[in-house]
12 protein chains.
Amino acid sequence: MSTTPKRLKILVLHGPNLNLLGRREPHIYGTTTLEQIDSRIEALARELDVDVECFQSNYEGALLDRLHAAIDEFDGCILNPAALTQHGVGLHDCIKAVPFPVVEVHLSNIHAREEWRRHSIVGQAAKASVQGFGWRSYTAAFRALVEQLRDA
Amino acid sequence: MSTTPKRLKILVLHGPNLNLLGRREPHIYGTTTLEQIDSRIEALARELDVDVECFQSNYEGALLDRLHAAIDEFDGCILNPAALTQHGVGLHDCIKAVPFPVVEVHLSNIHAREEWRRHSIVGQAAKASVQGFGWRSYTAAFRALVEQLRDA
Amino acid sequence: MSTTPKRLKILVLHGPNLNLLGRREPHIYGTTTLEQIDSRIEALARELDVDVECFQSNYEGALLDRLHAAIDEFDGCILNPAALTQHGVGLHDCIKAVPFPVVEVHLSNIHAREEWRRHSIVGQAAKASVQGFGWRSYTAAFRALVEQLRDA
Amino acid sequence: MSTTPKRLKILVLHGPNLNLLGRREPHIYGTTTLEQIDSRIEALARELDVDVECFQSNYEGALLDRLHAAIDEFDGCILNPAALTQHGVGLHDCIKAVPFPVVEVHLSNIHAREEWRRHSIVGQAAKASVQGFGWRSYTAAFRALVEQLRDA
Amino acid sequence: MSTTPKRLKILVLHGPNLNLLGRREPHIYGTTTLEQIDSRIEALARELDVDVECFQSNYEGALLDRLHAAIDEFDGCILNPAALTQHGVGLHDCIKAVPFPVVEVHLSNIHAREEWRRHSIVGQAAKASVQGFGWRSYTAAFRALVEQLRDA
Amino acid sequence: MSTTPKRLKILVLHGPNLNLLGRREPHIYGTTTLEQIDSRIEALARELDVDVECFQSNYEGALLDRLHAAIDEFDGCILNPAALTQHGVGLHDCIKAVPFPVVEVHLSNIHAREEWRRHSIVGQAAKASVQGFGWRSYTAAFRALVEQLRDA
Amino acid sequence: MSTTPKRLKILVLHGPNLNLLGRREPHIYGTTTLEQIDSRIEALARELDVDVECFQSNYEGALLDRLHAAIDEFDGCILNPAALTQHGVGLHDCIKAVPFPVVEVHLSNIHAREEWRRHSIVGQAAKASVQGFGWRSYTAAFRALVEQLRDA
Amino acid sequence: MSTTPKRLKILVLHGPNLNLLGRREPHIYGTTTLEQIDSRIEALARELDVDVECFQSNYEGALLDRLHAAIDEFDGCILNPAALTQHGVGLHDCIKAVPFPVVEVHLSNIHAREEWRRHSIVGQAAKASVQGFGWRSYTAAFRALVEQLRDA
Amino acid sequence: MSTTPKRLKILVLHGPNLNLLGRREPHIYGTTTLEQIDSRIEALARELDVDVECFQSNYEGALLDRLHAAIDEFDGCILNPAALTQHGVGLHDCIKAVPFPVVEVHLSNIHAREEWRRHSIVGQAAKASVQGFGWRSYTAAFRALVEQLRDA
Amino acid sequence: MSTTPKRLKILVLHGPNLNLLGRREPHIYGTTTLEQIDSRIEALARELDVDVECFQSNYEGALLDRLHAAIDEFDGCILNPAALTQHGVGLHDCIKAVPFPVVEVHLSNIHAREEWRRHSIVGQAAKASVQGFGWRSYTAAFRALVEQLRDA
Amino acid sequence: MSTTPKRLKILVLHGPNLNLLGRREPHIYGTTTLEQIDSRIEALARELDVDVECFQSNYEGALLDRLHAAIDEFDGCILNPAALTQHGVGLHDCIKAVPFPVVEVHLSNIHAREEWRRHSIVGQAAKASVQGFGWRSYTAAFRALVEQLRDA
Amino acid sequence: MSTTPKRLKILVLHGPNLNLLGRREPHIYGTTTLEQIDSRIEALARELDVDVECFQSNYEGALLDRLHAAIDEFDGCILNPAALTQHGVGLHDCIKAVPFPVVEVHLSNIHAREEWRRHSIVGQAAKASVQGFGWRSYTAAFRALVEQLRDA
């Protein structure tokens, strides 16, 4: 598929409490702040020649609103559902409804944490997932998503 | 940390039935053969200037033997446990025992398949995981692992 | 009971993602948009000579606020909890607290979908439920609720 | 679809113990007898210009026999499985096998009763369900079913 | 309460397969036939000066029909649900609906048999239960029921 | 054991809804009708020189009555419990009580269908089972049962 | 068996809190005190010409000590385990070890109370059980036990 | 630790529906309004010479925002998660991330209510909890928290 | 209610192993001994002008005996069930039977410990609970209980 | 379909420990050795004019290797998974991947053995199953498979 | 570590019903009495030159009292929790609190008995366990504990 | 039994990953290597005058092969199933089939580790087990097994 006429545009969504990143529990989440993660994603976007937009909210409703608004605008989405991973049925339903692929991302490996964190209702709707690489989970997911979109 | 004196070496392990890749169930696993995946990993390894070795077996025992033998030789491992994902306690214990990080990889998103596939005993021991990108799950995991090893 | 002095007023609440109706997954939810559903409910309300007000939000908090505000104003409520069906304890508690009956509505038959969708925390507090008739779930529920309110 | 040449015919089935309706436990099931419910359904059928036939049995086998016999005769079915709701695999299988839609009906809201009543094996096969409106569950279901059959 | 004007009448119901009693599996159920059990119950009834009627069926529907017919005729019921113990929701609902007390009876102690036999949906509706005394479970239950009815 | 003096006699029982066979859901159950299955079983019986009797009912009670009546008449039984597979405690108890072996038969492979279909209370009492061969499940079971009875 | 040379002796054990009987929660346990129950049992014992001894303790250890001491002295035991019903493994093991039959007794029908009360670890070891007749549970159990001991 | 230089400041958070307090279900929650509870807390704060701020919201996101904003301002928090008790993973994660102790409060004793209310995901992260004293749960928790902060 | 004529009297019960307090596992239970806790409770009792009596036992039976003896003497009880929290059905039943309120107390927050510690059978019967404040759990519970008793 | 040009070829696989057959636990598995079973299968193959190959291994890996090698060579497979029945995900995946039908076989009826043996991960992928006929399970399955292949 | 100055002292605790050993159920527990077991342990103690004290009780409270009293006196403990294995939270907590290692012992192999016996709350706190060797479980545990204490 | 003519011979089997012993995770498994453990077992064998053979494999199949080969050669077996503990149905079946006793051994106390490690399918077939003594688990098991074999 020719990729020239259309410049890819990716939405990056960060769920509840991720605005605290780098300030709390560095033994689990590392010392990088959310602003630094966004900068690294933006740098990678420039390197890959795609547009990106990053958005964080502590409200599931706001994340849904943002995804709904993105339906005709974006080609893919990177989503760190954070605290909405287990019970975020709204995100699950929304991911199934949007026409572009959504990749689930986690900083830590949730399978190696508390039993109840391993269940992911969001992951059951997502196309793919990357977890456990700290902030690199985002960039690894971003790069793979872009490559796959260009392949299709 | 200086990476010059030590050239990184990565082990890639493929679990049971993956030798059939590209020949069966393309709607789930794609049409790429295991040989093609290995070639792509090797190409990426050359690009990143690291050594790589790929190994497939239908025997959990053979995978364990290979990991044991790798203890002093390798700096990291990419593992697609395939049918050993759910009950591979041997792999779980071995991953905890080896001194290098192991990244779990799946071609499909196992959270979106049968209920019983979502449980990963291997993932509870792994450092990170990538799934759902088809063969790109391997290369995305490989690149992220190498970058992180060079960072450390 | 004489119904002349008091004109009935019904609140219709639509939960998360229902604003996408008619645009996505028509094989599950049909092709009718939320606006069309609201029009049909309003037409039925005129036919039955009652007042109606429709409200959609992707925020559970906003649905609660709307219900709280309605405590002294409305005589009944039709609620499609959508993604809040399973874990919407806030809606459950609120339904128990408001003085008017609340009827749960679903477009599809949730018992015939994924196992985890069959559990309804909202339904445990609701007075009645209608599901599986597509947009007609709303109008069937609306008519039955009005008839019952007039009977009481 | 033209509805003139074909007059719709609906089967209404009542499960075990429903013949006791109106005589026992009025705080749960109301004071209306089964004969009164059948009369109301028949009145509605006349109003909607469709044929209807009502049948009650305490034997699951008799309900199955009636459904089998109805295969070529009826266009839809309203079924109150009552005590067969939870374990009526025979009804479940039969509903899947008959060519017309079956709507599950309950007088009370089973989600608000004992935990074990919430599971409905019948509901997993039914097209739609109405519950919690007392005898109006039947008429609401009947009207919606007829409207939908005429739409199709 | 004066018992003279009203002679007590008790219904004894035997569930599926109990007609085989005394012919099969004597190590579990003993060697007494159902006819002998009925004779012993009738002898006890004469001794206690009450009327009794015994009925066995392999159809849950027939047991329900018999209980429905007994509503105005009997003062109490002894029920051995046998194979209907675990899933007999119809019996459960019926016991709750009839105006007289129902006592559950089992020949063997079901708590000492297979795990799945210990759950009794019938017992959740019954007033009392006697089990494990072989045919004496019936007579012990019968006597206690009659004494209690005379006390009330 | 000498087989000359005694001609074997086998009872074939078909559970609820099987009278619909060949008319509904051919993608699951095939296009063969129950009459055709019975003819094939009878042909095989003639070939093997044994007597056979086939019986279908939608009532568990009728199947029990038939088994009870067969106690002294038959040497073995082929039973397709159909919808009674999961909760047919009456059949389970009866199979344990009759003096001849009972073989459970299913047209489809129930392990490959819905989760709840995999549990077989009937199978826990049966001697053997054959499933997944369509109508051939009956003939395969029939032949193996006859061979084994002649061996004993 | 000749019963003349040996006069039967029965031990009646009451578990924790039963000393409060008749003083608390009469809607569940009735208004009869433990002393009154013991008197009624003793009267019945005299009527049946057997010896009886009653003992209550709030300590599981004391109940075990009493049972151990009774090994050579008694012919049967009536046990109301009360709060030890669910987790009294000590009683369970002891009942299996003593050479005489133990009958479990409950004043109320535990199947009709909270979910967690239905499980009886004691009942899995007991020979028989009577429950739901109030204080008559004791006398019904006592009489049946004595009759059975005389039969044996 | 010297408490003079630093005047303690406590945040009191009320979850969804608590604004309805005193208006609904007084048999469970009492007749005190939220404003009256806040007044009593403020009176106690004055008595204990500490600052306090009270905040209610029906949005989990708003509660998270308030906690995030409080990170550098407050010394402790009293939180009544209400409907967010069971599934409020966002609150759980946030409590783990903030540097001050959070005490969970409930008006009623949730262990004595519905089974599903007993599970508290919030309580797994909280330092302490008080429940069942009605509005006094707040003041008891407040006083104990202040005393402990002054001790530390 | 006038409190002058009647001086309140409170029973404080400590369950198994609490006599070891302050000597073992200070990282979980703190360094305060049981004697010191009792002294603090007694000091608070004097301050609040009520009588108090403290009792510890490693026997559930002894705790029950003490509660039974207190029925007519005390106005309320503070109970730390300790190891009896999960399976102490005897305490549960007794709390329901005594006429005064019982408040459950724990030094640590049991929701933040092992999964199996979170279930409290005692808490299902108690009026209120305080946990996680170390020894202050007792004094906070004591003060709130006294205040509430004086209010009533 | 004409069967002349192609002679059918069937693979028979025996799982772990089956080489011990006839030597151990004859009360469960009979006294026939694996060699005798293979001979009987071979005799039947000759009778039916098809080719057969039998293979046993205690290694799941070896069974997978054999199935992989058979992909282009065989028309069907009879598999006794033995100890791999419950957790043999590798066999499950492989059965789904091979182009020919696989029939699961067990000597005993696994539904009548320990609870944990009833779950079959292999059976969820197999086309059909035969169990409980001892060595005849193999020949019954073999004959039915061949007939069905010839039919297709 | 020098063992000369300090002579090791070991406490051996026997739980409920073990005083019956050798008198009951010899097929499970053997024919050796508790006195004989104690003699063998004492003989081994003399051989190993350590002090030993044996104690049996049917009261969990008495076992706790004995362990508490032993805190400063003993170097290790052998504990057969018997009926307290599954629910003995008091023993669990106490084992965690005492400063010396506790070894769990069982005469039979509890993993090979009833499902509910396999769970050991005591074993989760114990250092080691020996089971299934009959009375030799005690002596094997005793010797290993002494050797390990001398090693440390 | 005379032991002179027959010198006992014991097989010691080590499961997957045990070849890494002493090299990895010394905080769990200690610092002793597998070779050192084998030496200690061999020394004990010489002391007890019995023959011994030690074998380790990462393949369950190889362990089964070794056990099968040992059927006529050995008198007992010590087995550390390691990673095969939970799901090693092959070992379970084999242990039941071999004519000599098998004792399960673990270095650590698996009841004190992760929840999922506590289930032992191997232990359900084994005669006895020793765990938690580090390498001494082997020697304690070995000595007890030999003593018991000589006793028999």
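Nothing here was measured: the structure is a model prediction, and the numbers come from that model.

Q: Can you explain the overall build of chain A? Please cite residues and give values.
A: The helix and strand tally for chain A stands at five helices and five strands. In sequence order, the secondary structure elements of chain A are arranged as β-α-α-β-α-β-α-β-β-α. In terms of overall dimensions, chain A has C-alpha extents of about 45 × 30 × 25 Å along its principal axes. When the 152 residues of chain A are sorted by exposure, 64% land in the buried category.

Q: Kindly report on the relation of the copies chain A and chain B, identifying the contributing residues and their values.
A: The two copies are related by a screw operation: chain A maps onto chain B through 180° of rotation and 0.0 Å of translation along the axis, at an RMSD of 0.0 Å. Here the transformation between the copies is reduced to the relation of a two-fold axis. Using C-alpha coordinates, one finds that chain A approaches the rotation axis most closely at V130(A), a distance of 2.2 Å. Here 100% of the contact residues of chain A are again contact residues in chain B; the copies associate through an equivalent surface.

Q: Residues and numbers for the pattern of salt bridges, please.
A: Residue and element names in this part refer to chain H. Tallied over the entire structure, the rule returns 143 salt bridges over all chains. A salt bridge links D49 to R7, with the nearest nitrogen and oxygen atoms 2.8 Å apart. You can see D49 sitting in the loop between helix 2 (34-48) and strand 2 (51-56) and its partner R7 sitting in the segment before strand 1 (9-14), a full 42 residues away along the chain. The exposure class of D49 is partly exposed, given its relative accessible area of 46%.

Q: Please set out the relation of the copies chain A and chain C residue by residue, giving values where relevant.
A: It takes a turn of 120° to lay chain A on chain C, together with a shift of 0.0 Å along the axis; the resulting RMSD is 0.0 Å. Such a turn and shift between the copies fits a three-fold axis.

Q: Lay out the interface of chain A and chain B with the relevant residues and their values.
A: Chain A puts 26 residues into the contact, and the matching count from chain B is 27 residues. Summed over the three residues of chain A that lose the most area to chain B, namely H111(A), F133(A) and R136(A), the buried surface amounts to 30% of that side. Here chain A and chain B share four salt bridges between them. A salt bridge links D151(A) to R136(B); the nearest nitrogen and oxygen atoms lie 2.9 Å apart. The interface formed by chain A and chain B holds 12 residue pairs in polar contact (both at pLDDT 80 or more) in total. Of all elements in the fold, only strand 5 (128-131) and helix 5 (136-151) of chain A reach the threshold of two or more residues within the side of chain A that touches chain B. The biggest single contributor to the side of chain A that touches chain B is helix 5 of chain A, with nine residues. Residue composition of the side of chain A that touches chain B, by class: 10 nonpolar, 10 polar and six charged. Across three bridges, the pairing between strand 5 of chain A and strand 5 (residues 128-131) of chain B is antiparallel. Bridge pairing in strand 5 of chain B places S129(A) opposite Q131(B).

Q: An account of the state of the cysteines is requested, with residue identities and associated values reported.
A: Under the criterion given, the structure shown has zero disulfides over all chains. Cysteine C54(D) is unpaired, with the sulfur of C77(D) as its nearest cysteine sulfur at 10 Å.

Q: Explain the side chain of H106(C) residue by residue, including any values.
A: Residue and element names in this part refer to chain C. Turning to its location among the elements, H106 is positioned in strand 4 (residues 102-106). With a relative accessible area of 6%, H106 lands in the buried category. In terms of polar contacts, H106 uses its side chain to reach the side chain of E104, at 2.9 Å. Setting aside residues up to four positions removed in sequence, H106 forms contacts with N80, P81, A82, T85, V130, Q131, G132 and S137.

Q: So what about unusual backbone geometry? Which residues, and what values?
A: Phi is mostly negative for residues that are not glycine, and the peptide bonds are mostly trans. A positive phi angle is found at D49(F), which is not glycine, with a value near 65°. A positive phi is found at N17(I), a non-glycine position, where the angle reads about 75°. Locating N17(I) in the fold gives a position in the loop between strand 1 (9-14) and helix 1 (26-29).

Q: How would you summarise the packing of aromatic side chains if you had to cite specific residues and measurements?
A: For the structure on display, the rule yields 12 aromatic pairs over all chains. R40(E) extends its terminal NZ or CZ atom over the ring of W135(E), reaching a point 4.2 Å from the ring centre. Over the face of the ring belonging to F74(G) we find K9(G), whose NZ or CZ atom lies 5.2 Å from the ring centre.

Q: Before we move on, could you go through the interface of chain A and chain C and cite the residues and values that matter?
A: Accessible area lost on assembly of the parts is the figure often given for the size of an interface. In this complex, chain A contributes 19 residues to the contact, which on the side of chain C involves 15 residues. Between chain A and chain C, roughly 1500 Å² of surface is buried when both sides are summed, and carbon and sulfur atoms account for 55% of that area. In this assembly, chain A and chain C are joined by two salt bridges. Put simply, R117(C) and D93(A) hold a salt bridge, and the shortest N to O gap is 2.9 Å. Inspection of the region where chain A meets chain C yields nine residue pairs in polar contact (both at pLDDT 80 or more). If you list the elements that add at least two residues to the side of chain A that touches chain C, you get helix 3 (60-69) and helix 4 (89-97) of chain A. It is helix 4 of chain A that provides the largest number of residues to the side of chain A that touches chain C, a total of seven residues. Within the side of chain A that touches chain C, the residues separate by chemical class into nine nonpolar, six polar and four charged.

Q: Run through the sheet that holds strand 5 (residues 128-131) of chain J, naming residues and quoting values.
A: With respect to topology, 10 strands assemble into an open sheet ordered 2(F)-1(F)-3(F)-4(F)-5(F)-5(J)-4(J)-3(J)-1(J)-2(J), the strand pairing being mixed. Pairing within the sheet leaves two strands with one partner each, and these edge strands are strand 2 (51-56) of chain F together with strand 2 (51-56) of chain J. On average, each strand axis in the sheet is inclined to that of its neighbour by 20°, with strand direction left out of account. In the sheet, strand 1 (residues 9-14) of chain J pairs with strand 2 of chain J via six bridges, with the strands oriented parallel. Counterpart to V12(J) in the pairing with strand 2 of chain J is C54(J).

Q: Please give an account of the sheet that holds strand 1 (residues 9-14) of chain C that cites residues and values.
A: Sheet strands pair via backbone hydrogen bonds, and the direction of the pair is either parallel or antiparallel. Spatially, 10 strands are ordered 2(C)-1(C)-3(C)-4(C)-5(C)-5(D)-4(D)-3(D)-1(D)-2(D) in an open sheet, and the strand pairing comes out mixed. At either margin of the open sheet sits one strand with a lone partner, and together these are strand 2 (51-56) of chain C together with strand 2 (51-56) of chain D. Ignoring strand direction, the axes of neighbouring strands in this sheet form an average angle of 20°. Sheet analysis places strand 3 (residues 76-80) of chain D next to strand 4 (residues 102-106) of chain D, joined by three bridges and oriented parallel. Across the sheet, C77(D) pairs through a bridge with V102(D), a residue of strand 4 of chain D. Where helix 3 (residues 60-69) of chain C meets the sheet, its contacts fall on strand 1, strand 2 and strand 3 (76-80) of chain C, and the angle it forms with strand 1 of chain C comes to roughly 175°.

Q: Explain the arrangement of the chains to me, using residue names and the numbers behind them.
A: In this structure chain C stays clear of chain L, and the shortest span between their C-alpha atoms is 24 Å. As for chain L relative to chain I, no contact occurs, and the smallest C-alpha gap between them is 10 Å.

Q: Describe the side chain of R143(F), with residues and values.
A: By secondary structure assignment, the location of R143(F) is in helix 5 (residues 136-151). Residues in contact with R143(F), not counting those within four places in the same chain, are L44(F), E47(F), L48(F) and R143(J).

Q: Describe the packing of helix 5 of chain F against helix 5 (residues 136-151) of chain J, and please don't skip the residues or the numbers.
A: Contact pair helix 5 of chain F / helix 5 of chain J: the axes reach a minimum separation of 10 Å and the direction vectors enclose 150°. The handedness of the crossing between helix 5 of chain F and helix 5 of chain J comes out as right-handed. Of the residues in helix 5 of chain J, those touching helix 5 of chain F at R136(F), A140(F), R143(F), A144(F), E147(F), Q148(F) and D151(F) are R136(J), A140(J), R143(J), A144(J), E147(J), Q148(J) and D151(J). Looking at the contact of helix 5 of chain F with helix 5 of chain J, its residues break down into four nonpolar, two polar and eight charged.

Q: Please give an account of the pairing of strand 5 of chain B that cites residues and values.
A: Residue and element names in this part refer to chain B. Burial along strand 5 is two-sided: the face carrying A128 and V130 and the face carrying S129 and Q131 are both buried. Relative to strand 5, strand 4 (residues 102-106) runs parallel, the two sharing four bridges. Its bridge partner being in strand 5, V103 is matched across the sheet by A128.

Q: Please give an account of the environment of G90(J) that cites residues and values.
A: Relative to the helices and strands, G90(J) is located in helix 4 (residues 89-97). The sequence separation of G90(J) and V52(J) amounts to 38 residues, and the corresponding C-alpha distance is 23 Å. Ignoring anything within four residues of it in the chain, the contact list for G90(J) reads N17(B), A83(B), E60(J) and L64(J).

Q: Please set out the packing of helix 3 (residues 60-69) of chain K against helix 4 (residues 89-97) of chain K residue by residue, giving values where relevant.
A: All names here are of chain K. Two numbers describe how helix 3 lies on helix 4: the axes approach to 10 Å, and their chain directions differ by 5°. Classified by the angle between their axes, helix 3 and helix 4 sit roughly parallel to one another. From helix 3, E60, L63, L64, L67 and H68 reach across to helix 4, where they touch V89, G90, L91 and C94. A class-by-class count of the residues in the contact of helix 3 with helix 4 yields six nonpolar, two polar and one charged.

Calculation notes
Each chain has its residues counted from 1, following the order in which its sequence is written. Here the convention is simple: chains get letters from A, ligands get numbers from 1, in the order in which they are written. Residues qualify for local features only when their pLDDT is at least 70, as the model is predicted, and side-chain atom pairs are given and counted only at 80 or more; totals for whole chains, interfaces and linings, by contrast, use all residues. The basis for the side-chain values is all heavy atoms of the structure; hydrogens and waters are excluded. Elements are defined by DSSP. Helices are runs of H or I of four residues or more, strands are runs of E of two residues or more, and each kind is numbered from the N terminus. Note on exposure labels: buried denotes an accessible area under 20% of the residue type's maximum, exposed denotes more than 50%, and partly exposed covers the range between, all computed with a 1.4 Å probe on protein chains only. The copies were overlaid by least squares, fitting only the C-alpha atoms of residues that reach a pLDDT of 70 or more in each copy. Between two residues, a contact is recorded if the distance between any of their heavy atoms is within 4.5 Å. Salt bridges, as used here, are contacts in which a Lys or Arg side-chain nitrogen is within 4 Å of a carboxyl oxygen on Asp or Glu. Take the accessible area each of two parts loses on contact, using a 1.4 Å probe, and add the two losses: that sum is the buried area. Distance and chemistry together define a polar contact, namely a pair of N or O atoms within 3.5 Å, with one atom able to donate a hydrogen and the other to accept it when in protein, and with adjacent residues in sequence counting only for side-chain atoms on both sides. Only Asp, Glu, Lys and Arg are considered charged in this grouping, and only Ala, Val, Leu, Ile, Met, Phe, Trp, Tyr, Cys and Pro are considered nonpolar; every other residue, Gly among them, is considered polar. If DSSP finds at least two bridges between two strands, the strands pair. By definition, disulfides here are pairs of cysteine sulfur atoms that lie within 2.5 Å. For this analysis, a ring pair means two rings from Phe, Tyr or Trp (six-membered ring only for Trp) whose centres lie within 6.5 Å, classed as stacked if their planes differ by under 30 degrees, edge-to-face if by over 60, and tilted for the remaining angles. Look at NZ for Lys and CZ for Arg. If either is within 6 Å of the ring centre and within 35 degrees of the ring normal, a charge sits over the ring. Where helices are involved, their axes are fitted lines through C-alpha atoms of the stretch in contact, as for all axes, and angles between N-to-C directions lie from 0 to 180°. The crossing is said to be left-handed when, going from far helix to near helix, the turn is anticlockwise and less than a right angle, and right-handed when the turn is clockwise. Angles below 35 degrees are treated as roughly parallel, those above 145 as roughly antiparallel, those between 65 and 115 as roughly perpendicular, and all remaining angles as oblique.

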